[in-house]
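Below are the chains, spelled out letter by letter.
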Amino acid sequence: MKLAAVGDNCMDVYENIGKAYPGGNPVNVAVYFVRLGGESSYTGVVGTDQYGKLMKEKIAEKGVDVSHIRFMEGSTAITHVELVDGERVFGEYEEGVLADFKLTDEEIDFLCSHDMVVTGLWGNVHDDLAKIQARGVKVAFDAATRPEDPAAVTAIPSVDYLFFATDDGDTPELRETMKQIKAKGPKLVITTLGEKGSIVYDGEKYTTFGIIPCNVVDTMGAGDSFIAGFLKGILEEKPVEECMKMGATNSSVTLEYNGAW
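The chain has the name Fructoselysine 6-kinase in an unreviewed UniProt entry, where Enterocloster lavalensis is given as its organism. The record held by UniProt for the chain lists under Sequence similarities (unreviewed entry) the comment "Belongs to the carbohydrate kinase PfkB family."

Structure below.
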């Protein structure tokens, strides 16, 4: 069971506690997937600064295949974060070398040697997902809080499992949005609702699931943890509700410490 994560990475620099943690949506999912007992790789680009070397080393330490991390002259992506009462408050994002990241044919071949490919809104690979899906590989995409973003709109027809997040709860408007997204191609549309749990639409019915209570220290990586748990359940061919439970359980672990991982 092999998951290929591809796209963005970044150092989460916590200004008010003087620490920096490696992360980024696909990176986090790859790390959490290994934590759950699966195999994963991360394909992406880092800079030639101090953070690039650190990023590759730390991802490798977690058991993720880093053979397809490339170094490019320039800066590794940075997200400035503050921690306020356990909630992360995002500041400026510096994209660095990721702005010029494009997949090579060899990298696409590598991704297609896995059982599933996962990426996200800032991964810069949305234009390549149709090629990957056409080769019979399952594709998952995290649209963050912006399923209407141009990159997400491009990706959605070539995605099997489409994730996005909202703080507005389970509303009629949300269900209509999920229905509209589902009509564009995904097998499942999955929405995470923070402390209100999650909801999945399969084209026929909506399935809801709550949270696994825990002591919240830092919410960084909670959504990515859910994605990793959910996708592991999918690859194990478990029912949707069990996949949701696996995601929520994995999130509860991540919420109890500082940083994504």
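**Student:** When you look at the sheet that holds strand S10 (residues 161-165) in this model, what are you seeing that I'm missing?
**Tutor:** Where strands meet in a sheet, backbone hydrogen bonds hold them as pairs that are either parallel or antiparallel. In space, the nine strands of this open sheet follow the order S5-S4-S1-S8-S9-S10-S11-S12-S13, with mixed pairing throughout. Since the sheet does not close on itself, it has two edges, and those belong to strand S5 (65-72) and strand S13 (206-209), each with one partner. Adjacent strand axes in the sheet meet at a mean angle of 15 degrees, parallel and antiparallel pairs treated alike. In the sheet, strand S12 (residues 198-201) pairs with S13 via four bridges, with the strands oriented antiparallel. Paired with Tyr201 across the strands is Tyr206, a residue of S13. Along the sheet, helix H2 (residues 50-61) contacts strand S4 (39-47) and S5; its crossing angle with S5, the most-contacted strand, is approximately 175 degrees. The strands that helix H7 (residues 222-235) touches are strand S1 (2-6), strand S8 (116-120), strand S9 (138-142), S10, strand S11 (188-192) and S12; relative to S10, the one it contacts most, it runs at about 155 degrees.

**Student:** Can you walk me through the nonpolar core in this structure?
**Tutor:** The nonpolar side chains of a soluble globular protein tend to be buried with one another. Counting residues in hydrophobic clusters, the biggest one holds 39 residues, and the most contacted among them are Tyr161, Phe163, Phe230 and Leu231. Setting aside residues no more than four positions away along its own chain, Phe230 makes contact with Phe163, Leu188, Ile190, Val200, Val240, Cys243, Met244 and Gly247. Judged by nonpolar contacts, the second largest core, of 36 residues, contains Val6, Cys112, Phe164 and Ile199.

**Student:** Quick question: what am I supposed to make of the side chain of Lys232 here?
**Tutor:** Note on placement: Lys232 falls in helix H7. The exposure class of Lys232 is buried, given its relative accessible area of 10%. Other than its neighbours up to four places away in sequence, Lys232 contacts Met1, Phe33, Leu36, Gly37, Gly38 and Met246.

**Student:** Can you walk me through the pairing of S8 in this structure?
**Tutor:** The two faces of a sheet get side chains in turn, since along a regular strand they alternate between them. Across the five residues of S8, five count as buried, placing the element largely inside the fold. Of the two faces of S8, the one lined by Met116, Val118 and Gly120 and the one lined by Val117 and Thr119 are each fully buried. Bridge count between S1 and S8: three bridges; the pairing is parallel. Looking across to S8, one finds that Ala4 is bridged to Val117. In this structure, S8 lies alongside S9, joined through five bridges in parallel fashion. Across the sheet, residue Val117 finds its bridge partner in S9, namely Val139. Traced from S8 through helix H4 (residues 129-134) to S9, the parallel crossover comes out right-handed.

Conventions used here
Residues numbered from 1 in each chain as written. Predicted model: local features only at pLDDT ≥ 70, side-chain atom pairs only at ≥ 80, totals over all residues. Heavy atoms only, no water. UniProt positions renumbered as here; feature names shortened; annotations may be inferred. Pairing = 2+ DSSP bridges. Helix = DSSP H or I, 4+ residues; strand = E, 2+ residues; numbered from the N terminus. Axes fitted to C-alpha atoms, helices over the stretch in contact; angles between N-to-C directions. Contact = heavy atoms within 4.5 Å. Core = buried A, V, L, I, M, F, W, Y, C linked by side-chain atoms within 4.5 Å. Buried < 20%, exposed > 50% of the residue type's maximum accessible area, 1.4 Å probe, protein only. Right-handed = clockwise from strand over helix to strand, strands pointing away.

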